[in-house]
Amino acid sequence: MESYRFGKRQLSHRKRYAVLLFVLIVLIAGGIFAAKHYFTSDTVISSPPPAVVSRVTATYGSTKRFNEGIFTISLPADWVFVSHQTAASNIYTWHNTAGGDPGVEQLQIYVDTIPANLGVNRVLPVQGNGNRVIPTEVSDNCADFTGDKVPGLPATPAKWDNINFLCDLANYERDVVGTSSSDGINVVKLTGVTTGRHNLFFAYTDNGSTPDFTIFTNAIQSFRLK
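Predicted, not measured: the structure shown is a model, and the values here were computed from it.

Within this model, the largest pocket holds a volume of roughly 260 Å³. If you go around the largest pocket, you meet 13 residues; those closest to its centre are Gly61, Thr63, Pro76, Ile215 and Asn218. When contributions to the lining of the largest pocket are tallied by element, the ones reaching two or more residues are β4 (71–76) and α2 (214–222). Broken down by element, the lining of the largest pocket gets its largest block of residues, 5 residues, from α2. A class-by-class count of the residues in the lining of the largest pocket yields 5 nonpolar, 7 polar and 1 charged.

Right, let's talk about α2 for a bit. When we look at burial in α2, the residues that qualify are Ile215, Phe216, Thr217, Ala219 and Ile220. Elements in contact with the buried residues of α2: β4, β7 (105–111), β8 (122–129), β9 (132–135), β12 (176–180) and β14 (196–206).

Our next topic: the packing of aromatic side chains. Evaluated as defined, the whole model comprises 12 aromatic pairs. Here Phe71 and Trp94 contribute two aromatic rings whose centre-to-centre distance is 6.3 Å and whose plane-to-plane angle is 70°, an arrangement assigned as edge-to-face. Residue Phe71 is found in strand β4, and its partner Trp94 is found in strand β6 (residues 91–95); the two are separated by 23 residues along the sequence. For Phe71, a relative accessible area of 0% puts it in the buried group. Taken together, the ring pairs in this structure connect Phe66, Phe71, Phe81, Tyr92, Trp94, Phe202 and Phe223 into an aromatic cluster.

Cut-offs and rules
Residues numbered from 1 in each chain as written. Predicted model: local features only at pLDDT ≥ 70, side-chain atom pairs only at ≥ 80, totals over all residues. Heavy atoms only, no water. 1 Å grid on protein atoms, 1.4 Å probe; cavity = no way out; pocket = protein on both sides within 12 Å on 5 of 7 lines; lining within 4 Å. Points joined across faces, edges and corners; volume = space filled by probe spheres on them. Helix = DSSP H or I, 4+ residues; strand = E, 2+ residues; numbered from the N terminus. Nonpolar A, V, L, I, M, F, W, Y, C, P; charged D, E, K, R; others polar. Buried < 20%, exposed > 50% of the residue type's maximum accessible area, 1.4 Å probe, protein only. Contact = heavy atoms within 4.5 Å. Phe/Tyr/Trp six-rings, centres within 6.5 Å; stacked < 30°, edge-to-face > 60°.

Written as structure tokens, this is what we have:
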């Protein structure tokens, strides 16, 4: 039953709760609309562009390939073939032509007839792998670890990186580099597909003020026995 106060009709508790619930729903709906309108970002993130892939190619000094019958080798472009000696030993010789000192850099390859007592100032330990040679790193001057820079014999037994070779203590201020391997002193054994098995010895001389032994190691890596 409804009650009156001062002549006015009062709302029932049920109607009052309904009004409050309606107002609350309106407020919540208004809040959601305002949040969507004012807080939604206008920034549009587009798809990233396709990745650009570029290739960087390392540049090295140009080389040229020499074909000497039973083998091939690549040397700097300015190098020339000098001679093929067969009288005492089977030796192929090249040297440089460019720079301030033409001929200051020289490479010799001994095939089969290898001098057993040839001493060098530095050794390049190598290993044969089929028809190619795998080099490591050129040693220090052998006078630094053999004979303590005391002039001595031109073929003093020495060892570097567990590889035996002969140290030229009679001329310890030179820069002659020779190969040696576990196959023997001054010897690396290779087997060509058509030429068969051969013993080889590589000797490099650089009489310049700043010797560049990478020429030697690069040449060794390019060598192929046919």
